[in-house]
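Residue strings, one per chain:
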Amino acid sequence: MCRLAMKTANKPFSPFSVLTAMEAMQEGYDGSGLGLLLRGLEFTDYKYNQEDPVLSGIAHTEAALSRLHAIMNERGFVLKYDHEFDTDMSKIEAKDRHKYVLRVFKKPEAWNSLTKEQTEHEMMLTRLALRADGEANNGDLTAFSLWPDVAMIKEVGWPLGVGEALGLESGRIKSRVCMAQGRQNTNWGINLYACHPFFIEGIATMTNGENTAFLPIKDWLSGKGFPGYIGYQSDSEVFAHILHYVTNQLKLPLQAYKHVITPLKNSELSAHPQGDFLRGLRDVCRRLIIDGPNAVIGTLADETTILVMDAKKMRPATVGGKPGEWAIASEMCGVDAMIPDRDRSKDFQPMREHTIIIPPDRQEIEIWSQFDQFPLTQAA
Amino acid sequence: MVSIRSISSDPGSLSPNDLPWIIEHREDRCTLCGKCAAVCPVNTLKLTYMRKRMPKIVLSSTERGSSYKTFVGIRQNTDVGRRCIGCGSCAMVCPNEAIHPTHNKTDRYRFQNTKGGEAPKRGGRRNEPGPTLLDKISFNRISMLTDPALDAGRHEFSMNTLLGRVLPPEEFIRRQTTGEWIPPVREIFPFIIGSMSFGALSPNMWLGLLQGVAYCNEVLGIPVVMATGEGGCPPWVLKSPFLKYIILQIASGYFGWDEIIRAIPEMQCDPAAIEIKYGQGAKPGDGGLLMWYKVSKLIARLRGVPEGVDLPSPPVHQTLYSIEESVMKMIQTMSMAFNFKVPVYPKISGSNSAKSVLNNLVRNPYAGALMIDGIDGGTGAAYNVSMDATGHPIASNLRECYLDLCAQGKQNEIPLFAAGGVGKNGNITQNGMALIMLGASGVHMGKFIMQSAAGCLGNEQNRCNVCNLGICPKGITSQNPKIYRRLDPDRVAERVAETFMSIQTEMKKVMAPLGRSQSLPIGMSDALGIGDKDAAERLNIRYVC
């Protein structure tokens, strides 16, 4: 089973502290890998401008690295900072890692006339172009994310070992949000793209549990023709894409995510103040209903965090913390490891109807129930 | 040359051994009550006294050599029209198990059933015994360790499906904002009682089905709907609150639609949907056929025709000029008649051209679904050659339509319904769930519900199959009150409820091991496997062995 840990704090912290939480939860996973997503970046070696896109990935060969360079140049990106990890390759299982890429770019000047949405779309297309280039060359180039203020690392091996191999304990990189997941997808065969968290246009999710409704959801998302809805090396990738679809494409409030993936029953909808709208939403998004067992942890571009469960709540997750600092983990001991000095009596384990929202100010968590009034858009 | 008259050598003459069903009679058990002869729907049986010689060797010249004994025996009529149909009514009424029909696989009847130049017709089924392709599909993606299995008896399951045009989410939200029309959508149980007309079925059968459907909805909470075939609906039903459980069919003869249109102002509720029949799996390219035997006074009144005449519907709708003309205009017209509050969808025969129809519907914003009826579908009356050899099996036809919709991202917008042999060997839930996982939003069943709810005697060995003649031994497809009063509507209703309760439980037993409970697993083809490589490749599912 996957083990998940997420910490969000107003003051940037080292991702290594989250890896130690993973270690606390070690009984529950096979230690096959690590997926990390950092938001709200701070580099000790470089003063980072939060508007600049950051590219995360792995060049497995020298040739791949130079192609990466060429692709970014061709699109007009200007390299501002190339983070050199203090790597100890002896601690990495895989032998074909030429360079872990974490590069800050200046956006192409040609994009100055684009809207925010167009710019975001272009960043996604660039990431997909890098991915496609790698796939066309025996997978020698892996691109995880290209987005302002976001860095991603995915690697095979014991999470703490991977962290040490990349020198994360040095604190040269810090972030306000860190999502960590401790497993490669050993169910299906190891592929770095299959490792959580999954990222699309600023949105990231990680999940524990198998997604039994994967194929119909994948078929539907693939049919939308949106260029970013590809991959699906893991059945959990659809959770990120559904969140993207609900918030970015349908432009519905975050709470709609829960109503889409685990809609209420008819009897519950008939007692709901916006039952008619929600029933319609359930019908039109019927192919996006998940069946679990899953706990989904997601973060958005504005550093908002959410946590939702499947309708049968067959996977656990706990949220705890204090104003300015919150943690979510699949095990309570994970929360303990990340924020030991909190009031544990206020820890919360969401039930099937809950969406936990930690807003960017991180002052308090919002426990929103599906039975509550839905923050309606004009549409409803 | 003059033929020898003493030996039957007429080209068309048959002996009992040439018939598809041979009656076996045991004199030692027969009580001579005569019930078998009385009940036989085709009058093939004749109990008669016969004489046989008892030879013995006699040495005395004053005695006769043999004596004669009379006994009671059965004569089986070898006339083609009065051959035994194998229904087994005789066995059903015999108090002593002295009589029953046995199937004769080497009959010669099949070469002689064209008397008077009439091509053979029958009701019922295709008569292809053995497991169907659907029977061979198994559910292989079992939740065990990577995700826990669900408990079919304890967890809540959401098993309903949608009938009606579903908008793309973006369009739904846009129309919500602007207050525009949102197409009607019905939430129904995915196993639907398929189109069988009030005319094909007896009044008692129809009433029993409707009672059972109402009970499923109102007491059991299973939203079952049933479809009428062509030929309308009794006026009291049209004006009743039960109309919401009924899919009204309009077909090329437009039979019964005078009554329906006249009843619209008095309807208490809308019908579940309107089905426009363009084709039928059992007899593609043929219109409906209600043979004169069944056009009783009641049926004649409902359909607005004289009594006792054959009622063939034309093979195509009179309005058919092109697919756009026919399908689009008819769908719009029917939508308008019911104030755009009732889903309207076409029913077609399984065909290589089904995808073309589908793609037309995708572009028609009023089309509520597509129903495809495969070659194994049943009928009240059809020519043998249509039933046996014309049409397309449902599985691959449905699958290619579904995958076509997936490629366009439209699989949630036009629900596909499948029919044609679903449950023909009794595996109703397994067959239906296999089709659902291949992409159907639901399945229609006709023959199965007749067998399950009313005890239809038909099987794939050409047993009975006389639905067309109005002599149904069980009273299911007869319009003769002397026959259909055999069928108790209350008992039919009870069996309908039992059938759907059992299907519901079996659905849970299929869904739970797959880890599915929150929605019907439409298109979940990763759960399917079949031990036939070619079929696996064609259906794009896993080959298992």
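Residues numbered from 1 in each chain as written. Chains lettered and ligands numbered in written order. Predicted model: local features only at pLDDT ≥ 70, side-chain atom pairs only at ≥ 80, totals over all residues. Heavy atoms only, no water.

1. Structural notes on the pattern of salt bridges
Here comes step 1: Tallied over the entire structure, the rule returns 54 salt bridges over all chains.
Here comes step 2: For A:R176, the salt bridge is made with A:D149, and the minimal N-O distance between the two is 3.7 Å. Residue A:R176 is located in strand β8 (residues 173-181), and its partner A:D149 is located in the loop between β6 (141-148) and β7 (150-156); the two are separated by 27 residues in the primary sequence. Considered together, A:R176 and A:D149 belong to a single accessibility category, that of buried residues.
Here comes step 3: Residue B:R110 pairs with B:D107 through a salt bridge whose shortest N-O separation is 2.7 Å.
Here comes step 4: Since its relative accessible area comes to 9%, B:D107 is described here as buried. (Salt bridge = Lys/Arg side-chain N within 4 Å of Asp/Glu carboxyl O. Helix = DSSP H or I, 4+ residues; strand = E, 2+ residues; numbered from the N terminus. Buried < 20%, exposed > 50% of the residue type's maximum accessible area, 1.4 Å probe, protein only.)

2. With respect to the interface of chain A and chain B
Here comes step 1: Taken together, the 37 residues of chain A in the interface contact 39 residues of chain B.
Here comes step 2: Across the chain A-chain B interface, the total number found is five salt bridges.
Here comes step 3: A salt bridge links B:E156 to A:K265, with the nearest nitrogen and oxygen atoms 2.8 Å apart.
Here comes step 4: Counting across the interface, chain A meets chain B through 18 residue pairs in polar contact (both at pLDDT 80 or more).
Here comes step 5: Broken down by secondary-structure element, the contributors of at least two residues to the side of chain A that touches chain B are α5 (214-223) and α9 (275-284) of chain A.
Here comes step 6: It is α9(A) that provides the largest number of residues to the side of chain A that touches chain B, a total of seven residues.
Here comes step 7: In the side of chain A that touches chain B, the residues fall into 18 nonpolar, seven polar and twelve charged. (Contact = heavy atoms within 4.5 Å. Polar contact = N/O pair within 3.5 Å; in protein donor to acceptor, adjacent residues only side chain to side chain. Nonpolar A, V, L, I, M, F, W, Y, C, P; charged D, E, K, R; others polar.)

3. Section: the environment of A:A21
All names here are of chain A.
Here comes step 1: Relative to the helices and strands, A21 resides in helix α1 (residues 15-24).
Here comes step 2: Taking the relative accessible area as the measure of exposure, A21 reaches 0% and is therefore buried.
Here comes step 3: C-alpha of A21 to C-alpha of T247: the two residues are 226 residues apart in sequence and 30 Å apart in space.
Here comes step 4: Non-local contacts of A21, meaning those with residues more than four positions away in its chain, are made with G334, A337 and M338.

4. What about unusual backbone geometry?
With glycine set apart, most residues show a phi of negative sign, and most peptide bonds adopt trans.
Residues and elements named next belong to chain A.
Here comes step 1: Residue P197 follows H196 across a cis peptide bond; omega there is -5 degrees.
Here comes step 2: If you check the backbone angles, N138 has positive phi at about 55 degrees while not being a glycine.
Here comes step 3: With respect to the element layout, N138 can be found in the loop between α3 (116-136) and β6.
Here comes step 4: Even without glycine at this site, K251 takes up a positive phi of about 55 degrees.
Here comes step 5: With respect to the element layout, K251 can be found in the loop between α6 (237-249) and α7 (256-261).

5. Quick word on the pairing of β7(A)
Residues and elements named next belong to chain A.
Here comes step 1: Counting buried residues along β7, seven of its seven residues qualify, which places the element largely inside the surrounding structure.
Here comes step 2: The side-chain alternation of β7 yields two buried faces, one formed by V150, M152, K154 and V156 and the other by A151, I153 and E155.
Here comes step 3: The sheet contact formed by strand β2 (residues 33-43) and β7 spans seven bridges and is antiparallel. When the bridges of β7 are listed, L37 appears paired with M152. (Pairing = 2+ DSSP bridges.)

6. Thoughts on the nonpolar core
Here comes step 1: Formed by 111 residues in total, the largest nonpolar core has its most connected members in B:L209, B:L248 and B:F500.
Here comes step 2: The contacts of B:F500, once residues within four sequence positions are left out, are B:F189, B:F191, B:I193, B:C216, B:I222, B:V224, B:M445 and B:I449.
Here comes step 3: Residues A:L38, A:Y81, A:Y100 and A:A329 belong to the second largest nonpolar core, which totals 83 residues. (Core = buried A, V, L, I, M, F, W, Y, C linked by side-chain atoms within 4.5 Å.)

7. Focus on the domain arrangement of chain B
All names here are of chain B.
Here comes step 1: The domain boundaries assigned to chain B delineate domain 1 (16-118) and domain 2 (134-543).
Here comes step 2: A C-alpha centroid distance of 42 Å is found between domain 1 and domain 2.
Here comes step 3: Of the residues lining the interface, twelve residues belong to domain 1; the matching set on domain 2 comes to eleven residues.
Here comes step 4: Between domain 1 and domain 2, the buried area comes to about 920 Å², and carbon and sulfur atoms account for 57% of it.
Here comes step 5: Along the contact surface separating domain 1 from domain 2 lie zero salt bridges.
Here comes step 6: Among the residues forming the side of domain 1 that touches domain 2, the class breakdown is seven nonpolar, five polar and no charged. (Domains from an automatic or database assignment. Buried area = accessible area lost by both parts, 1.4 Å probe.)

8. Observations regarding the packing of helix α4 (residues 203-220) of chain B against helix α15 (residues 489-511) of chain B
Residue and element names in this part refer to chain B.
Here comes step 1: Across the interface, α4 lies against α15 with an axial gap of 7 Å and an inter-helix angle of 45 degrees. Classified by the interaxial angle, the pair formed by α4 and α15 is oblique. By crossing handedness, the relation of α4 to α15 is classed as right-handed. Contacts between α4 and α15 pair N204, M205, L207, G208, L209, Q211, G212, V213, Y215, C216 and L220 from the former with P489, D490, V492, A493, V496, A497, F500 and M501 from the latter.
Here comes step 2: Classifying every residue of the contact of α4 with α15 by side-chain character gives 14 nonpolar, four polar and one charged. (Axes fitted to C-alpha atoms, helices over the stretch in contact; angles between N-to-C directions. Parallel < 35°, antiparallel > 145°, perpendicular 65-115°, else oblique. Left-handed = near helix turned anticlockwise from the far one by under 90°.)

9. Digging into the environment of B:T499
Residues and elements named next belong to chain B.
Here comes step 1: As for its placement among the helices and strands, T499 is situated in helix α15.
Here comes step 2: Along the backbone, T499 and I428 are 71 residues apart, and their C-alpha atoms lie at a distance of 9.8 Å.
Here comes step 3: If we skip the residues at most four places from it in the chain, T499 touches F448, I449 and S452.

10. Remarks on α1(A)
Here comes step 1: For α1(A), the complete set of buried residues consists of A:P15, A:F16, A:V18, A:L19, A:A21 and A:M22.
Here comes step 2: Buried residues in α1(A) make contact with β1 (4-13), β2, α4 (159-165), β8 and α10 (332-338) of chain A.

11. Thoughts on helix α2 (residues 62-74) of chain A
Residues and elements named next belong to chain A.
Here comes step 1: Between its terminal C-alpha atoms α2 stretches 18 Å, which fits the 18 Å expected from 13 residues at 1.5 Å a residue.
Here comes step 2: Listed in full, the buried residues belonging to α2 are A64, L65, L68, I71 and M72. Relative to the axis of α2, the buried residues are bounded by an arc of 125 degrees and lie together on one face.
Here comes step 3: Immediately downstream of α2, the backbone of G76 shows phi near 95 degrees, a positive value. (Expected span 1.5 Å × (residues − 1). Arc of directions from axis to C-beta.)

12. Some thoughts on the packing of aromatic side chains
Here comes step 1: A full pass over the atoms with the stated rule returns 20 aromatic pairs over all chains.
Here comes step 2: Taking the centre distance of 5.2 Å and the plane angle of 75 degrees together, the rings of B:F198 and B:W206 count as edge-to-face. Like B:F198, the residue B:W206 is buried in the burial classification.
Here comes step 3: Ring centres of B:F340 and B:Y366 lie 5.7 Å apart, and the angle between their planes is 45 degrees; this geometry places the pair in the tilted category. Here B:F340, found in the loop between α8 (323-337) and β15 (344-349), pairs with B:Y366, found in the loop between α9 (354-362) and β16 (370-373); they are 26 residues apart in sequence, far enough to count as distant.
Here comes step 4: Assessed through its relative accessible area of 24%, B:F340 is described here as partly exposed.
Here comes step 5: One aromatic cluster in this structure is built from A:F43, A:Y46, A:Y48 and A:Y81. (Phe/Tyr/Trp six-rings, centres within 6.5 Å; stacked < 30°, edge-to-face > 60°.)

13. Description of the packing of α5(A) against α6(A)
Residue and element names in this part refer to chain A.
Here comes step 1: It is at 11 Å that the axes of α5 and α6 come closest, and there the two elements cross at 45 degrees. Here α6 runs oblique to α5, going by the angle between their axes. Seen from above, α5 lies across α6 with left-handed handedness. Here α5 contributes F214, I217, K218, W220 and L221 to the contact with α6, which in turn contributes V238, H241, I242 and Y245.
Here comes step 2: Tallied by class, residues from the contact of α5 with α6 come to seven nonpolar, one polar and one charged.

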